[in-house]
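This is what each chain is made of:
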Amino acid sequence: MSTPISDPGQSGGASDSEGRDPLYLRGLAFVLGASLFNSSIGFLIRVVEEADGWTLLFYRSIAFVIFMLGFLAFRHGPTNLPARFRAIGYPGILAGVMLGISFTGFIFALLNTTVANVVFIGASSPFLAAFFAYVALRERLSLKTWMAMGLALVGVAVMVGDGLTGGGILGIGLALLTITTFAIALVALRSGRRNDMRPATCLAGVFALCAATVMADTLVISAHDLAVACTMGVVQLGLQYAFLTAGTRYVPAGEVALVGRLQLVLAPLWAWLAVGEVPSDMTFIGGIVIVTALVFHGFNALRGTSLRV
């Protein structure tokens, strides 16, 4: 459920769509790696033994913040970090708050419904972000983008209806909260795109950490669950952002969106392999509808006919 946040002024470095450019191949490898890292949440969340959501969120956030601070220090130098954080301004603070809520809702959504429900609903976030950008920034939407958004909405409605009748509605509601706040964060990040907005993601980890500190009944955690939580923070979240940032320098945005959809297959697959979690028939139907909308939108993006979100 994540979107690349590139360095200001960077653009795709590959002009060879057939993949003969080594920079393009390197970028594609980064994007594939990011999708693989992100999909690991399906496995990781299901192998937690005892820790509750707030405790998981606490240690996941610590691991993520440490990773992001190290990454930003490597990119910009430790002495430049304060200036980088100041440069994100109010849009970055808003994005950090919204992403912090999204990070929190994501964990609790996964704990209250199937991995497939969460990742399929989360996959519709680019369309919601496109709508918010249309409202807030007056960015134009093509007819084909509106069509893809409508199709994705049908898929989400199918999954929500299944939750109402078959249980798991709390998790689906949290998944909807997650994509809404994530979409708002994307618009805020876009409005401040002249600056490197990655420090806002670090702030999001701090906000999530503060919420977990207040809400957690206990911060006692087993070594096994601590390892899982730290892997979530560093691999599933931290490396995902780092690899996406690197990949988008060389791969066109439309191709990044299409390759990123690999997680829609892998995340439920890892959950099935870990604990035998099988999504309902209606989840599969809704997911197919959403994936169809995403592929339709992605191919249009490759041709330059849809909104660049």
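The next subject is the overall build of the chain. For the chain, the count of helices and strands is 14 helices and zero strands. Ordered by position from N to C terminus, the α and β elements of the chain give α-α-α-α-α-α-α-α-α-α-α-α-α-α. Considering only contacts within the chain whose residues lie at least 6 apart along the sequence, 89% involve residues at least 24 apart.

Turning next to the packing of aromatic side chains. Counting across every chain of the model gives seven aromatic pairs. Here the aromatic rings of Phe 37 and Phe 243 are separated by 5.0 Å at their centres, their planes lie at 85 degrees, and the arrangement is edge-to-face. Taken together, the residues span a long stretch of sequence, with Phe 37 in helix α1 (residues 22–39) and Phe 243 in helix α11 (residues 223–247) at a distance of 206 residues. Given the relative accessible area of 24%, Phe 243 is considered partly exposed.

The next thing to look at is the pattern of salt bridges. A complete count under the given rule lists one salt bridge for this structure. A salt bridge links Asp 196 to Arg 198; the nearest nitrogen and oxygen atoms lie 3.1 Å apart.

Turning to the nonpolar core, a few remarks are in order. Of all hydrophobic cores here, the largest spans 37 residues; its most connected members are Ile 45, Leu 110, Val 115 and Met 232. Examining the composition of this core, we find that six residues originate from one element, helix α6 (residues 115–122), more than from any other. Aside from chain neighbours lying at most four places away, what touches Val 115 is Gly 42, Ile 45, Arg 46, Leu 110, Ala 267, Pro 268, Ala 271 and Glu 277. One finds Met 98, Ala 200, Ala 204 and Ala 242 within the second-largest nonpolar core, a separate group that totals 28 residues.

Let us look at the confidence of the model for the chain. Confidence along the chain averages 80 in pLDDT terms, with 82% of residues attaining 70 or more. Within the chain, no element has a lower average pLDDT than helix α12 (residues 253–260), which sits at 60, and none a higher one than helix α3 (residues 53–76), at 95. Here residues 2–20 scores under 50 on pLDDT; set against residues more than four positions off or in separate chains, the count is 46 contacts. Residue range residues 305–309 is modelled with pLDDT below 50. Its contacts to residues more than four positions away, or to other chains, number 18 contacts.

Relative orientation of the contacting elements α1 and α11 amounts to 160 degrees, with a least axis distance of 8 Å. Considered as vectors, α1 and α11 are oriented roughly antiparallel to each other. You can see that α1 and α11 cross each other, and the crossing is left-handed. Across the interface between the two elements, Gly 27, Phe 30, Val 31, Gly 33, Ala 34, Phe 37 and Asn 38 of α1 pack against Val 235, Gln 236, Leu 239, Gln 240, Phe 243, Leu 244, Ala 246 and Gly 247 of α11. A breakdown of the residues in the contact of α1 with α11 according to their chemical character gives nine nonpolar, six polar and no charged.

This part is about the packing of α3 against helix α5 (residues 89–112). At a minimum axis distance of 10 Å, the contact between α3 and α5 shows a crossing angle of 135 degrees. When the interaxial angle is binned, α3 and α5 end up oblique. As for the relative orientation of α3 and α5, their crossing is right-handed in sense. Residue-level contacts link Gly 53, Trp 54, Leu 57, Arg 60 and Phe 64 of α3 to Phe 103, Thr 104, Phe 106, Ile 107, Phe 108 and Leu 111 of α5. Counted by class, the contact of α3 with α5 contains eight nonpolar, two polar and one charged residues.

Let's shift gears to the environment of Ile 172. Within the secondary structure, Ile 172 sits in helix α9 (residues 169–191). In this structure the C-alpha to C-alpha distance between Ile 172 and Val 118, which are 54 residues apart in sequence, comes to 6.9 Å.

A contiguous nonpolar surface patch, about 600 Å² in accessible area, is contributed by Tyr 90, Ile 93, Val 97, Ile 101, Leu 177, Val 206 and Phe 207. Looking at the secondary structure, you find Val 206 in helix α10 (residues 198–215).

What counts and what doesn't
Residues numbered from 1 in each chain as written. Predicted model: local features only at pLDDT ≥ 70, side-chain atom pairs only at ≥ 80, totals over all residues. Heavy atoms only, no water. Helix = DSSP H or I, 4+ residues; strand = E, 2+ residues; numbered from the N terminus. Contact = heavy atoms within 4.5 Å. Phe/Tyr/Trp six-rings, centres within 6.5 Å; stacked < 30°, edge-to-face > 60°. Buried < 20%, exposed > 50% of the residue type's maximum accessible area, 1.4 Å probe, protein only. Salt bridge = Lys/Arg side-chain N within 4 Å of Asp/Glu carboxyl O. Core = buried A, V, L, I, M, F, W, Y, C linked by side-chain atoms within 4.5 Å. pLDDT = per-residue confidence, 0-100. Axes fitted to C-alpha atoms, helices over the stretch in contact; angles between N-to-C directions. Parallel < 35°, antiparallel > 145°, perpendicular 65-115°, else oblique. Left-handed = near helix turned anticlockwise from the far one by under 90°. Nonpolar A, V, L, I, M, F, W, Y, C, P; charged D, E, K, R; others polar. Patch = residues over 30% accessible without salt bridge, like charges linked within 9 Å, V, L, I, M, F, W, Y side chains within 5 Å. Areas by Shrake-Rupley, 256 points an atom, 1.4 Å probe, with all protein chains shown as cover.

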